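# Secondary and tertiary structure notes
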Amino acid sequence: MTVAILADIHSNLEALTVVLDHMESRGISRIVCLGDIIGYGPNPRECLQLLYRSEVAIMGNHEEAVMFYGEDFNPKARASLEWTKDQLNSTEHDRTENYDLWNFLGTMQQVVEDGDTMYTHGSPRVPTREYVVPADIRNREKMQGIFDLFQRVCFIGHSHVPHIYTSDMKHASPESLKDAIDLRKLGDRKALINTGSVGQPRDGDPRTSYATFDGDIVRFFRLEYDVQKTVDKIYATEGLPNFLADRLLVGR
Ligand SMILES: [Fe+2]
């Protein structure tokens, strides 16, 4: 059965709603969430609540930071972290509703394996922290170390750049593969796949990004959403730096 794989939602309710509607219009109801539901954006509570139903919920560095400590957060990320924490503890909401939010965070796992498929946030080596970006394909030691840790395919988020890396040290953007890859055609080669970011794309394309996976074929989708609405909400929120809105408009 096909799953929808969603990563790096970052409290962007407008983008998440468009993705949920799109997957449902394609008859897909199963959700794998690769982490960073929260952080940066204006709707952390709503995004967590919409994703309670995820079959797999991976912990991102932003979830880890609200629950523990955001060691390597820069000042802007830290400001959004503190604001997000306040939202999750908001006394304007029912206490049990807040407990549900924190309980959901508490259920998140760093790595989930389902048969020969692995799901994590950053990389199988350092699940909540390590970034994999296209330039890493030249770092054979790093990439080999990562490929050694999974069997066939590993889905990741964290860098916010949708991309496909294969164990023969090749890489490709989804567009260059016409937005789909059939793993059966890879033979013995393994694939490390970043499905892109739902709520804060950083590949220069502001449209929301997610993928579906039926066990063999991965399909990537980019969809327009009401970016301006999210931007206006961030501008109107004192605790969130305007920079976090501006970057959504350009996908950086
Ligand atoms: Fe992220």
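Residues numbered from 1 in each chain as written. Predicted model: local features only at pLDDT ≥ 70, side-chain atom pairs only at ≥ 80, totals over all residues. Heavy atoms only, no water.

With respect to the element layout, T195 can be found in the loop between β10 (191-194) and β11 (208-213). Taking the relative accessible area as the measure of exposure, T195 reaches 0% and is therefore buried. Between the alpha carbons of T195 and S209 there is a distance of 6.8 Å; along the sequence they are 14 residues apart. Ignoring anything within four residues of it in the chain, the contact list for T195 reads I5, A7, L34, F155, I156, P162, S209, Y210, A211 and F220. (Helix = DSSP H or I, 4+ residues; strand = E, 2+ residues; numbered from the N terminus. Buried < 20%, exposed > 50% of the residue type's maximum accessible area, 1.4 Å probe, protein only. Contact = heavy atoms within 4.5 Å.)

Burial of β11 is extensive: 6 of the 6 residues sit out of reach of the surface. Inspection of the sheet shows β11 paired to strand β12 (residues 217-223) by 6 bridges, in the antiparallel sense. Within the sheet, the bridge partner assigned to S209 lies in β12 and is R222. Linking β11 back to β12 in an antiparallel pair, the connection comprises 3 residues, with G215 at a positive phi of about 105 degrees. (Pairing = 2+ DSSP bridges.)

Adjacent strands of a sheet pair through backbone hydrogen bonds, lying either parallel or antiparallel. Pairing is mixed in the open sheet, where 6 strands are placed in the order β4-β5-β6-β10-β7-β8. Only two strands of the sheet have a single neighbouring strand rather than two, namely β4 (111-114) and β8 (170-172). Pairs of neighbouring strands in the sheet enclose a mean axial angle of 15 degrees, with direction left out of account. For β4 and strand β5 (residues 117-120), the ladder comprises 4 bridges, and the chain directions are antiparallel. Counted as the bridge partner of E113 is M118 from β5. (Axes fitted to C-alpha atoms, helices over the stretch in contact; angles between N-to-C directions.)

Time to look at the packing of aromatic side chains. In this structure the tally under the stated criterion is 5 aromatic pairs. An angle of 20 degrees between the planes, with centres 5.8 Å apart, marks the rings of Y119 and F155 as stacked. Placement of the pair is Y119 in strand β5 and F155 in strand β6 (residues 153-156), with a sequence separation of 36 residues. For the pair Y119 and F155, a shared accessibility class is recorded, and that class is buried. With 5.7 Å between their ring centres and 50 degrees between their planes, F147 and F150 make a pair best called tilted. Exposure class is identical for F147 and F150. Each is buried. Within the aromatic cluster, the residues linked to one another by ring pairs are Y119, F155 and F213. The cationic tip of K76 hangs over the ring face of F243; the distance from NZ or CZ to the ring centre is 4.5 Å. (Phe/Tyr/Trp six-rings, centres within 6.5 Å; stacked < 30°, edge-to-face > 60°. Lys NZ or Arg CZ within 6 Å of the ring centre and 35° of its normal.)

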